[in-house]
Amino acid sequence: MGQPRVDNRTEFAVHPQLLLDLDGEKLAVIVKASFEARRGKRELDLAPPHRTRGVRMADIPWGDPEKSSIAYPADLFLRKPGTDVIVVAKGYAPKETTSFDVRVVVGPVQKTLRLHGPRVWLDDGTVGAAGPLKELELRYEHAYGGFDDSDADKPVEEPRNPVGSGLVAPGSSLAGSAAPQIEDPKAPIGGIGVVPKPVGIGVVGRSWEPRRRYAGTHDDSWREQLAPLPPRDFDDRFNVCAAEGMWSATPLSGGETIELSNLLPDESAKTLELPRVALEIAFRRPGEEPHTQRPHLDTVIVDLLETGPDKPPAVEMVWRASIPAPRRVADCTVVVREVRA
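The notes below deal with the structure included here.

### Looking at the overall build of the protein
Logical step 1: Helices and strands together make up the secondary structure of the protein, namely one helix and 24 strands.
Logical step 2: Taken against the 2.2 N^0.38 rule, which gives 20 Å for 341 residues, the C-alpha radius of gyration of the protein at 22 Å falls within 12% of a compact globule.
Logical step 3: Counting only C-alpha atoms and orienting by the principal axes, one finds that the protein spans roughly 75 × 60 × 30 Å.
Logical step 4: The buried share of the protein, reckoned over its 341 residues, is 51%.
Logical step 5: As presented, the protein carries roughly 16400 Å² of accessible surface, and 49% of it is formed by carbon and sulfur atoms.
Logical step 6: In the protein, the 44 positive side-chain charges and the 51 negative ones have mean positions that sit 5 Å from each other.

Below is the structure:
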């Protein structure tokens, strides 16, 4: 079918892609803006061309793709309600300690996590004292959760975080094993009998709750009548990949304050401002009036992982629009431009 012509009047990455929707194929356009932070500046600068981030075709895991949680989410979705806020980072202790808090605020979205040094479960089912802690990757492996298939006939899972630690099959013991190092300061993990919520500020996996409840019914009827289209009961909330408390039902619009605490190795506190950006995406086909959309900002990624001179703290902002796929995609022109916010 070819590719549409792209008239990109911005300095952002633009990617057209055919994607399947409930009613057939759609021509989607995904736009990503890349910004970077500078020491002493509240405003974010546009990233230079060699560090402009492209549209991500697939999830990027923290480690082993078969076992790891996701660090950076894919961008290939048709629609996403509201705005996801994702933070990819480590927590850094402001002083010598065994535990400390990290906090992120992006406009109305805010989350505080308490981080602990290495600790283990004790024989009585409680958590032992934490050891010293200087830094910790903020990934779900360090939070409460887990999967235990020691009894193959009755596996148990924490569906909100199957890669975490602390979950155990009935009759099994956790004594001596690693205890979660990330928790909600308002709901600390007191012991095995108290099941806490898994917490984080990163990406919720596609097969985890709550996302999987919105994936739709993939049964024989779907396979025989609809596949490869999504099931009729597919819900766009499946595409929301932010952690609990890190999603805004009302889309962010730019200008929101970003506050970061203990998330950078050389700055215990940092305040930034989300750039004010608004886009217009027009689909033009010969002999037809342009179909113009002003999409909402649906994803903000704050990337603070392994920062340095060649990788400053960065912010990704993502928008998307789509129309029913034209019969001849190559005849379509997509125009992307900034408009007054």
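### Examining the pattern of salt bridges
Logical step 1: Overall, the coordinates contain 39 salt bridges when judged by the stated rule.
Logical step 2: Note that Asp45 and Lys41 form a salt bridge whose closest N and O atoms lie 2.8 Å from each other.
Logical step 3: Taking the shortest distance from any N to any O, the salt bridge between Arg212 and Glu209 comes out at 3.8 Å.
Logical step 4: Among the residues examined, Arg212 registers a relative accessible area of 33% and is labelled partly exposed.

### Observations concerning the environment of Pro4
Logical step 1: Structurally, Pro4 is set in the segment before β1 (5-8).
Logical step 2: Among the residues examined, Pro4 registers a relative accessible area of 8% and is labelled buried.

### Topic: the layout of surface pockets
Logical step 1: What the largest pocket holds in volume is close to 400 Å³.
Logical step 2: Of the residues belonging to the lining of the largest pocket, the class tally is 11 nonpolar, one polar and eight charged.

### Re the nonpolar core
Logical step 1: By size, the foremost hydrophobic cluster in this structure holds 66 residues, and its most contacted members are Leu115, Met246 and Phe283.
Logical step 2: Phe283 has contacts with Leu27, Val29, Pro290, His291, Gln293, Ala321, Ser322, Ile323, Cys332, Thr333 and Val334, leaving out every residue within four places of it along the chain.
Logical step 3: Ranked by size, the runner-up nonpolar core spans seven residues in total, among them Val127, Val168, Leu174 and Ala179.

### Topic: the environment of Asp235
Logical step 1: Along the chain, Asp235 turns up in the loop between α1 (220-225) and β17 (247-248).
Logical step 2: A residue is classified by how much of its surface remains accessible, and Asp235, at 23% relative accessible area, is partly exposed.
Logical step 3: As for Asp235 and Ala215, which are separated by 20 residues in sequence, their C-alpha atoms are 6.4 Å apart.

### Let's talk about the sheet that holds strand β18 (residues 257-264)
Logical step 1: Pairing within the open sheet is antiparallel, and its five strands lie in the order β16-β10-β9-β18-β19. Where the open sheet ends on each side, the last strands, each with one partner, are β16 (182-183) and β19 (267-273).
Logical step 2: In this structure, strand β9 (residues 99-106) lies alongside strand β10 (residues 109-116), joined through eight bridges in antiparallel fashion. Paired with Phe100 across the strands is Leu115, a residue of β10.

### Description of the packing of aromatic side chains
Logical step 1: One pass over the structure, following the stated rule, counts four aromatic pairs.
Logical step 2: Relative to Trp208, the ring of Tyr140 lies with its centre 5.4 Å away and its plane at 85°, an arrangement referred to as edge-to-face. Placement of Tyr140 in the loop between β11 (133-137) and β12 (144-145) and of Trp208 in the loop between β16 and α1 is noted, with a sequence separation of 68 residues between them. The pair formed by Tyr140 and Trp208 is uniform in burial state, with each residue classed as buried.

### Structural notes on the side chain of Ser68
Logical step 1: Tracing the sequence through the fold places Ser68 in the loop between β5 (60-61) and β6 (70-72).
Logical step 2: The class for Ser68 is buried, based on a relative accessible area of 13%.
Logical step 3: A distance of 3.2 Å separates a polar side-chain atom of Ser68 from the backbone nitrogen of Trp62.
Logical step 4: A polar side-chain atom of Ser68 sits 2.9 Å from the main-chain amide nitrogen of Gly63.
Logical step 5: Excluding its chain neighbours within four sequence positions, the residues that come into contact with Ser68 are Pro61, Trp62, Gly63, Arg139, Glu141 and Val163.

### Structural notes on the pairing of strand β20 (residues 278-284)
Logical step 1: In terms of residue burial, β20 counts as a mostly covered element, since six of its seven residues are buried.
Logical step 2: Taken together, the seven bridges between β20 and strand β24 (residues 333-339) define a ladder with antiparallel strand orientation. Across the sheet, the residue bridging to Glu280 is Arg337, located in β24.
Logical step 3: Remark: six residues form the turn of the hairpin made by β20 and strand β21 (residues 291-293), two consecutive strands paired antiparallel; Gly287 in that turn has positive phi of roughly 80°.

### Focus on the pairing of β9
Logical step 1: From the end of β9 to the start of β10, which pair antiparallel, there are two residues, and Gly107 there has a positive phi angle of about 60°.
Logical step 2: Across four bridges, the pairing between β9 and β18 is antiparallel. For Val105, the partnering residue across the bridge sits in β18 and is Glu259.

Calculation criteria
Residues numbered from 1 in each chain as written. Predicted model: local features only at pLDDT ≥ 70, side-chain atom pairs only at ≥ 80, totals over all residues. Heavy atoms only, no water. Helix = DSSP H or I, 4+ residues; strand = E, 2+ residues; numbered from the N terminus. Rg over C-alpha atoms; globule rule 2.2 N^0.38 Å. Buried < 20%, exposed > 50% of the residue type's maximum accessible area, 1.4 Å probe, protein only. Areas by Shrake-Rupley, 256 points an atom, 1.4 Å probe, with all protein chains shown as cover. Lys, Arg positive; Asp, Glu negative; His and termini not counted. Charge placed at Lys NZ, Arg CZ, Asp CG, Glu CD. Salt bridge = Lys/Arg side-chain N within 4 Å of Asp/Glu carboxyl O. 1 Å grid on protein atoms, 1.4 Å probe; cavity = no way out; pocket = protein on both sides within 12 Å on 5 of 7 lines; lining within 4 Å. Points joined across faces, edges and corners; volume = space filled by probe spheres on them. Nonpolar A, V, L, I, M, F, W, Y, C, P; charged D, E, K, R; others polar. Core = buried A, V, L, I, M, F, W, Y, C linked by side-chain atoms within 4.5 Å. Contact = heavy atoms within 4.5 Å. Pairing = 2+ DSSP bridges. Phe/Tyr/Trp six-rings, centres within 6.5 Å; stacked < 30°, edge-to-face > 60°. Polar contact = N/O pair within 3.5 Å; in protein donor to acceptor, adjacent residues only side chain to side chain.

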